[in-house]
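# What the coordinates show
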Amino acid sequence: MGELHVLDHPLIQHKLSILRDKNTGVKEFREIIGEIAALMCYEATRDLPLENVTIETPVAVGTFKRLAGKKVAIVPILRAGLGMVDTIIDLIPSAKVGHIGLYRDPETHNPVEYYCKMPPDISEREVIIVDPMLATGGSASAAITFIKGYGCKNIKLMNIIGCPEGVEVIQRDHPDVDLYVAAVDERLNENKYIVPGLGDAGDRIFGTK
Ligand code: PRP
Ligand code: URA
């Protein structure tokens, strides 16, 4: 089964409490989504392979570590996932970015795909799918299935808030995918929103409500 990593670092938890506050405005919400994404990326890339390189410092020659050229792709689920991209590519400037557009049908809550554009060499890359919310798990599961269709073998999912239902769906549908979240909340409500959650992530990032 895919491993569930709950990233309970104090900085992440502190920032997450600000996101949850209904009085947090768009500017601060957007900034903090990015800050949390960067902190989570730090943990989610902990297993990237390193190789030895010989470097001459101004004082001596030594053997040091560098990333072993493993290629990374960040794939935000539109729209809300976009809020997590910029700070991650600041940390991994060589990463390429694929986009997958999915929205939840308001009646059925099932994901509907409306856009997809991936880097041509996506199958050779370690893929990190990003989206702030893992609710029913339908969107993330569909995104993973879609990306596997390109031949990708190495996929991680990064969500800021998950819930037991969503985690179960990902572990059932994609036991090969490790999941990184900052919190697993209590449950879904009758509208399939995470409780207590933070509301509609896309609307709060883009100011559309
Ligand atoms: C939200 C969120 C996830 C999805 C999670 O997107 O950003 O993509 O819902 O729900 P699920 O786990 O039940 O599928 P939404 O469909 O509201 O679209 P948006 O990002 O365009 O607002
Ligand atoms: N999508 C959101 O943006 N928030 C939720 O709580 C559930 C789905």
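Residues numbered from 1 in each chain as written. Chains lettered and ligands numbered in written order. Predicted model: local features only at pLDDT ≥ 70, side-chain atom pairs only at ≥ 80, totals over all residues. Heavy atoms only, no water.

### Thoughts on a nonpolar patch on the surface
Among the surface-exposed residues, Leu4, Val6 and Val184 lie close enough to one another that they form a single nonpolar patch of about 200 Å² accessible area. Looking at where Leu4 falls in the secondary structure, it is placed in strand 1 (residues 4-6). (Patch = residues over 30% accessible without salt bridge, like charges linked within 9 Å, V, L, I, M, F, W, Y side chains within 5 Å. Areas by Shrake-Rupley, 256 points an atom, 1.4 Å probe, with all protein chains shown as cover. Salt bridge = Lys/Arg side-chain N within 4 Å of Asp/Glu carboxyl O. Helix = DSSP H or I, 4+ residues; strand = E, 2+ residues; numbered from the N terminus.)

### Considerations on the pattern of salt bridges
Opposite charge on two side chains allows them to pair when their charged atoms are near. Going through the model one piece at a time under the given rule, you end up with 13 salt bridges. Residue Arg79 is joined to Asp203 by a salt bridge in which the shortest nitrogen-to-oxygen separation is 3.2 Å. A residue pair is termed long-range when its members are at least 10 positions apart, and Arg79 in the loop between strand 4 (72-78) and helix 3 (85-91) and Asp203 in helix 6 (residues 201-206) qualify at 124 residues. Across the pair Asp176 and Lys148 runs a salt bridge whose closest N-O atoms are separated by 2.9 Å. One end of the pair, Asp176, is in the loop between helix 5 (164-173) and strand 10 (178-184); the other, Lys148, is in helix 4 (residues 138-148), and 28 residues separate them in sequence. Judged by relative accessible area, which is 27%, Lys148 ranks as partly exposed. The structure contains a network of salt bridges with shared partners spanning Lys71, Asp121, Glu124 and Arg125. (Buried < 20%, exposed > 50% of the residue type's maximum accessible area, 1.4 Å probe, protein only.)

### Structural notes on the site of ligand 1
Near ligand 1 you find 16 residues, and of these Arg104, Asp131, Thr136, Gly137 and Ser139 are the closest. Here an oxygen atom of ligand 1 sits 2.9 Å away from a polar atom, N or O, in the main chain of Ala135. Here ligand 1 is seated within the largest pocket. Contributing elements (two or more residues each) for the shell around ligand 1: strand 4, strand 6 (99-104) and helix 4. Across the shell around ligand 1, the residue classes tally to seven nonpolar, five polar and four charged. (Near = heavy atom within 4 Å. Polar contact = N/O pair within 3.5 Å; in protein donor to acceptor, adjacent residues only side chain to side chain. 1 Å grid on protein atoms, 1.4 Å probe; cavity = no way out; pocket = protein on both sides within 12 Å on 5 of 7 lines; lining within 4 Å. Sits in = over half its atoms within 2 Å of the grid points. Nonpolar A, V, L, I, M, F, W, Y, C, P; charged D, E, K, R; others polar.)

### Re the site of ligand 2
With respect to spatial proximity, the complete set of residues near ligand 2 consists of Arg104, Met133, Ala135, Lys192, Tyr193, Ile194, Gly199, Asp200 and Ala201. In this structure, an oxygen atom belonging to ligand 2 sits 2.8 Å away from a main-chain N or O atom of Ile194. Taking Gly199, its main chain carries an N or O atom lying 2.8 Å from a nitrogen atom of ligand 2. Computed on the free molecule, ligand 2 has an accessible area of 240 Å², of which 88% lies beneath the protein chains in the complex. Classifying every residue of the shell around ligand 2 gives five nonpolar, one polar and three charged.

By themselves these figures say nothing about function.
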